[in-house]
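Report on the structure
Listed below are the residues making up each chain.
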Amino acid sequence: MYTAHPDRYADLPYRRTGRSGLKLPAISLGLWHNFGPADRTVETQRAILRRAFDLGVTHFDLANNYGPPPGAAELAFGEALKDDFARYRDEMVISTKAGYLMWPGPYGEWGSRKYLLSSLDQSLKRMGLDYVDVFYSHRPDPETPLEETMGALHSAVQQGKALYVGVSNYSAEQTREAARILGELGTPLLIHQPRYSMLDRRPEDEGLLDALDELQVGSIVFSPLEQGLLTSRYLDGIPEDSRAASDSPFLNSDAVTEDLVGRLRSLHEIAEGRGQTLAQMALAWVLRGGRVTSALVGASSPQQIEDSVAATRNLDFDADELARIDAIVKR
């Protein structure tokens, strides 16, 4: 039987999520396309979860469509919860989302009340839970009134099926309106999950981080390693076993240009000067200054989660380092 490490809360920093009472670890584990597939053994998946929890990673982020196939990640996580983590449930923050295609027909995606609440019921069943800690609208629906989508999130809390609610992939303007509607309903917007990295500055450039500061809403950023680009894997081009060399819809070989590889090598040199890997510096960069609550990472091995957690040992950047990074990324 798995027993969690007694010193699991000793090192990893926790940050308050907006103005709520909820604290999240600076590093959270996402169970995306690396969790549930048949080509990843159950033993490896369990080892990743156990090592993460032993290191103080208490937040596990899922969505209804994660796998593949859709639902596989939640099913795999549910089995791990039952076998390893049942007695630690109250120490864990478990989140899931709904918004992307999950089943055929007009009620299987987007942001209707019908879809969101049906999806949440299915997610709870797959994971064997009575409630999730955070339930997200995974993307805005251009055809459903935002009042309906936010009303469904509010209902999930009222029904006791979620403790908090969040949004993902919403613009700054949409986030402000979502927060207003939820505030009037009495269920505050807890958190936003945007894509953000050294190579993708849209939350800064489009005012989303400013909006979250203004609203006192937390943030957890996905793809802080830019689909693996901000690691050592691409410093010498495209490895045969990499995501860019596969048929992945999230990163293809065309994106890994000679210019990009040159910039990655320059960033790697800065990381070495900081005593970090490129991946660790990339995580530290999104967490710098405290504007981001948590960085969401995936892992294909326990070692990867160890490396990610180690990034929190140095989250400070001097002005010269930040200027050099900006000059490399924006050139």
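Residues numbered from 1 in each chain as written. Predicted model: local features only at pLDDT ≥ 70, side-chain atom pairs only at ≥ 80, totals over all residues. Heavy atoms only, no water.

1. Considerations on the overall build of the protein
For the protein, the helix and strand inventory stands at eleven helices and ten strands. Taking 20 Å as the expected radius of gyration for a compact globule of 331 residues, we find that the protein reaches 19 Å, a close match to that expectation. C-alpha atoms of the protein, sized along the principal axes, occupy 50 × 45 × 40 Å. Looking at the 331 residues of the protein, the share that counts as buried comes to 56%. When contacts within the protein are restricted to residue pairs at least 6 apart in sequence, long-range pairs at least 24 apart make up 75% of them. When the accessible surface of the protein is summed, it comes to about 14,600 Å², and 48% of that surface belongs to carbon and sulfur atoms. When the 35 basic and 47 acidic side-chain charges of the protein are each reduced to a single mean position, those positions are 3 Å apart. (Helix = DSSP H or I, 4+ residues; strand = E, 2+ residues; numbered from the N terminus. Rg over C-alpha atoms; globule rule 2.2 N^0.38 Å. Buried < 20%, exposed > 50% of the residue type's maximum accessible area, 1.4 Å probe, protein only. Contact = heavy atoms within 4.5 Å. Areas by Shrake-Rupley, 256 points an atom, 1.4 Å probe, with all protein chains shown as cover. Lys, Arg positive; Asp, Glu negative; His and termini not counted. Charge placed at Lys NZ, Arg CZ, Asp CG, Glu CD.)

2. A look at unusual backbone geometry
Between Gly-67 and the following residue, Pro-68, the backbone shows a cis peptide bond with an omega angle of -5 degrees. In this structure, Pro-68 sits in the loop between strand S4 (59–61) and helix H2 (72–85). For the bond from Pro-68 to Pro-69, the omega torsion is -5 degrees, close enough to zero to count as cis. Structurally, the position occupied by Pro-69 is in the loop between S4 and H2. In the Ramachandran plot, Gln-227 falls in the positive-phi region, its phi being about 60 degrees despite a non-glycine side chain. As for its position among the elements, Gln-227 is in the loop between strand S9 (218–221) and helix H8 (258–273).

3. Structural notes on the sheet that holds strand S10 (residues 294–297)
In spatial order, the strands read S3-S4-S5-S6-S7-S8-S9-S10; together these eight strands close into a barrel with parallel pairing. Strand-to-strand twist across the sheet, computed as the mean angle between neighbouring axes with direction ignored, equals 30 degrees. Two strands pair when backbone bridges link them, and strand S7 (residues 162–168) and strand S8 (residues 189–193) are joined in this way by four bridges, in the parallel orientation. Residue pairing in the sheet places Val-165 in a bridge with Leu-189 of S8. Relative to S7, helix H4 (residues 146–158) is tilted by about 155 degrees, and along the sheet it contacts strand S6 (132–137) and S7. (Pairing = 2+ DSSP bridges. Axes fitted to C-alpha atoms, helices over the stretch in contact; angles between N-to-C directions.)

4. Thoughts on the nonpolar core
Core analysis: the biggest nonpolar cluster contains 96 residues, and Leu-29 and Phe-77 have the highest contact counts within it. Among the elements that line this core, the one with the most residues is helix H9 (residues 278–287), at nine residues. Within the second largest apolar cluster, nine residues are counted, among which are Leu-22, Val-93, Tyr-136 and Leu-190. (Core = buried A, V, L, I, M, F, W, Y, C linked by side-chain atoms within 4.5 Å.)

5. Some thoughts on the packing of aromatic side chains
As enumerated under the stated definition, the model contains eight aromatic pairs in all. The interplanar angle of 80 degrees and the centroid separation of 5.6 Å between the aromatic rings of Phe-53 and Phe-85 together place this pair among those described as edge-to-face. Separated by 32 residues along the polypeptide, Phe-53 in helix H1 (residues 42–54) and Phe-85 in helix H2 bring together distant segments of the chain. Residue Phe-53 is classed as buried on the basis of its relative accessible area of 0%. A relative accessible area of 1% places Phe-85 in the buried class. Among the aromatic side chains, those forming a connected cluster through ring pairs are Tyr-2, Phe-53, Phe-85 and Tyr-88. Here the guanidinium or amino end of Lys-114 rests over the ring plane of Tyr-107, the centre of that ring lying 5.9 Å away. The side chain of Arg-139 reaches across the aromatic face of Trp-110, ending 3.6 Å from its centre. (Phe/Tyr/Trp six-rings, centres within 6.5 Å; stacked < 30°, edge-to-face > 60°. Lys NZ or Arg CZ within 6 Å of the ring centre and 35° of its normal.)

6. A closer look at the pairing of S6
The buried fraction of S6 amounts to six of the six residues, a majority that puts the element mostly inside the structure. Bridging between strand S5 (residues 93–98) and S6 involves four bridges; their strand directions are parallel. For Thr-96, the partnering residue across the bridge sits in S6 and is Phe-135. Pairing geometry for S6 and S7, over five bridges, is parallel. Opposite Ser-137, over in S7, you have Val-167 as the bridge partner.

7. Topic: the side chain of Gln-280
Looking at where Gln-280 falls in the secondary structure, it is placed in helix H9. By relative accessible area, which is 10% here, Gln-280 ends up buried. Once residues lying within four places of it in the same chain are set aside, the contact partners of Gln-280 are Asp-307, Ala-310 and Ala-311.

8. As for the side chain of Ser-219
On the secondary structure map, Ser-219 appears in strand S9. Judged by its relative accessible area of 1%, Ser-219 falls in the buried class. From its side chain, Ser-219 meets the backbone oxygen of Arg-291 in a polar contact 3.4 Å long. Not counting residues up to four positions away in its chain, the partners in contact with Ser-219 are Ile-191, His-192, Leu-212, Arg-291, Val-292, Thr-293 and Ser-294. (Polar contact = N/O pair within 3.5 Å; in protein donor to acceptor, adjacent residues only side chain to side chain.)

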